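# Remarks on the overall topology
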Amino acid sequence: MATLDFPQTVIAIETSCDETAAAILRGTELLASEVASQIAIHQEYGGVVPEVASRNHLRALKPVIQKALDTAGITIGDIDAFAATCGPGLASSLMIGTSAAKALAASQAKPYLAINHIEGHLLSPFFGTAEGVLPSIALVVSGGHTMLVEIESFGNYRLLGRTQDDAAGEAFDKVGKLLGLPYPGGPNIDRLAKEGDPARFDFPRSMLDSGSLDFSFSGLKTSVRYLLPKLESLPIPDLCASFQEAVVDVLVGKAIQAVKATGKKRIAVSGGVSCNSRLREKFRIACERRRIELLIAKPSLCTDNAAMIAYVAALRAANGESSSLTSDIDPNLRLATR
Ligand code: KG4
Ligand code: ZN
């Protein structure tokens, strides 16, 4: 079953990295989705500091849960199931969200559901659609992951390709740092690229014609690094636009190759990098031309949030599934694929 035609109320907590989030879903209706971002805190360090992240989750989580309940206009007693992200992510951050969800579930004598963060991203393009999860080629592009997955149905996934080194978002963030931009680099490169020339620098489209559906972004980052000392001044918008164009060409190109290889007629794009305006535009053009149906997660569902976790939890609950209160976190959790 991949639709949510049942009236359960699920709360989900997401604390895998630097966002403290809680969301409440009743059937198909998102009653609340709160995100307390730590970006401003981590900007000072140029990246996420695990110890700082977990301390701030601890501080932010209770108010975030309360805000979600207030926005939804319900109390904790109205919740039918309690979910949290159990991996992958930072161990000390995952511990905080899962411990809270387990404690609340135990206190209310309701089920607990441990949810895989990658599956949250993977299915987020289907959230709010009438049909629910449909057979597709899915591209998950975030700060930690870059993968192509063939979705047959909810829970039935085949891994087609993944990055062999940096994730796409990681490449954006590292290049942002090289260019002296604030953390995270992705949204800043996106903004500055709008004023730049994407053809000014010809950066490599790594592995685009390799015949495999794997990715590699570390060479691209290295070519930016080698270029910078050779330039008299830094044309930041042109560098942003040219780098972004190279990443987008590879992501769109590989997704189209996956469509050709599998015969699937639908592409579902998710993860923080799917906020990128050029990626969204190039996917739209490529899919229109080939009559491929395109689903891209709503911007509020692209970066880390708890609504996508609540959606997977609700689908599991609808299947009658739950997790043991003794189940552990797994910082290296993988997506279950065949
Ligand atoms: O999904 P997400 O919030 O966290 C992970 O699970 O990793 O993704 C965060 C990543 C960061 O690398 C960030 O730079 C990137 O998504 N990102 C973007 C944009 N917005 C966020 N990358 C490119 N363009 C954007 N507009
Ligand atoms: Zn994420």
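Our subject is the structure listed above.
Okay, so let's go over this structure. Computed from a predicted model, the values in this text were never measured in an experiment. (Residues numbered from 1 in each chain as written. Chains lettered and ligands numbered in written order. Predicted model: local features only at pLDDT ≥ 70, side-chain atom pairs only at ≥ 80, totals over all residues. Heavy atoms only, no water.)

Turning our attention to the sheet that holds strand S1 (residues 9-14). Spatial strand order, S3-S2-S1-S4-S5: 5 strands in an open sheet with mixed pairing. The open sheet has two free edges, formed respectively by strand S3 (29-37) and strand S5 (112-116), since each of these has just one partner strand. Averaged over neighbouring strand pairs, the angle between their axes works out to 20 degrees when direction is ignored. The sheet contacts of helix H2 (residues 50-72) involve S1, strand S2 (19-26) and S3, and relative to S2 the element is tilted by about 25 degrees. (Pairing = 2+ DSSP bridges. Helix = DSSP H or I, 4+ residues; strand = E, 2+ residues; numbered from the N terminus. Axes fitted to C-alpha atoms, helices over the stretch in contact; angles between N-to-C directions. Contact = heavy atoms within 4.5 Å.)

One open sheet accounts for 5 strands, arranged S8-S7-S6-S9-S10; its pairing is mixed. One side of each edge strand has no neighbouring strand; the edge strands of this open sheet are strand S8 (156-162) and strand S10 (293-296). Going from strand to strand, the sheet's axes swing by 20 degrees on average, the running direction of each strand aside. Sheet analysis places strand S6 (residues 136-141) next to strand S9 (residues 266-270), joined by 4 bridges and oriented parallel. Residue isoleucine 137 lies in a different strand from S9, and its bridge partner there is isoleucine 267. Those strands touched by helix H8 (residues 236-262) are S6, strand S7 (146-153), S8 and S9, and its axis lies near 155 degrees from that of S6.

With that settled, consider the packing of aromatic side chains. Within this structure, the stated rule accounts for 4 aromatic pairs. Both rings, one in phenylalanine 127 and one in tyrosine 311, keep their centres 5.0 Å apart while their planes meet at 80 degrees; by these two values the pair is edge-to-face. You can see phenylalanine 127 sitting in the loop between helix H4 (117-123) and S6 and its partner tyrosine 311 sitting in helix H11 (residues 307-318), a full 184 residues away along the chain. Both residues of the pair, phenylalanine 127 and tyrosine 311, belong to the buried class. (Phe/Tyr/Trp six-rings, centres within 6.5 Å; stacked < 30°, edge-to-face > 60°. Buried < 20%, exposed > 50% of the residue type's maximum accessible area, 1.4 Å probe, protein only.)

The terminal C-alpha atoms of helix H3 (residues 91-108), which comprises 18 residues, lie 26 Å apart, in line with the 26 Å expected from a rise of 1.5 Å per residue. By the burial criterion, the buried members of H3 are Ser93, Leu94, Ile96, Gly97, Thr98, Ala100, Ala101, Lys102 and Ala105. Contacts made by the buried residues of H3 are with S1, H2, strand S4 (81-87) and S5. Where H3 terminates, the next one or two residues include alanine 109, which has phi positive at roughly 55 degrees. (Expected span 1.5 Å × (residues − 1).)

Right, let's get into the pattern of salt bridges. This model, assessed by the stated rule, comprises 20 salt bridges. Salt bridges linked by common partners bring Asp202, Arg205, Glu245, Asp249, Arg278, Glu281 and Lys282 together as one network. (Salt bridge = Lys/Arg side-chain N within 4 Å of Asp/Glu carboxyl O.)

With that out of the way, let us pick up the packing of helix H5 (residues 168-178) against H8. H8 packs onto H5 with a crossing angle of 175 degrees between their chain directions and a minimal axis gap of 11 Å. Overall, the two elements H5 and H8 adopt an arrangement that is roughly antiparallel. Contacts between H5 and H8 involve Ala168, Ala171, Phe172 and Val175 from the first element and Phe243, Gln244, Val247 and Leu251 from the second. Considered class by class, the residues forming the contact of H5 with H8 number 7 nonpolar, 1 polar and no charged. (Parallel < 35°, antiparallel > 145°, perpendicular 65-115°, else oblique. Nonpolar A, V, L, I, M, F, W, Y, C, P; charged D, E, K, R; others polar.)

With that out of the way, let us pick up the coordination of the zinc ion (ligand 2). At 2.0 to 2.1 Å from the zinc ion (ligand 2) lie its protein donor atoms, namely His117 (NE2), His121 (NE2) and Asp304 (OD). Of note is the zinc ion (ligand 2), whose 4 donor atoms meet at the metal with angles of 95 to 130 degrees in an arrangement that counts as tetrahedral. Between consecutive donors of the zinc ion (ligand 2), the numbers of intervening residues give the motif H-x3-H-x182-D. Of the two residues, histidine 117 sits in helix H4 while aspartate 304 sits in the loop between helix H10 (299-302) and H11, which places them 187 residues apart along the sequence. For the pair formed by histidine 117 and aspartate 304, the shared burial category is buried. (Donors = N, O, S within 2.8 Å, 3.2 Å for Na, K, Ca; no water. Tetrahedral: all angles 85-135°; square planar, octahedral: opposite > 155°, others 65-115°.)

So, on to unusual backbone geometry. Going from glycine 87 to proline 88, the amide bond is cis rather than trans, its omega being -10 degrees. Within the element layout of this structure, proline 88 appears in the loop between S4 and H3. Between tyrosine 183 and the following residue, proline 184, the backbone shows a cis peptide bond with an omega angle of -5 degrees. As for its position among the elements, proline 184 is in the loop between H5 and helix H6 (185-193). Phi angles above zero are rare outside glycine, and alanine 109 is one such case at about 55 degrees.

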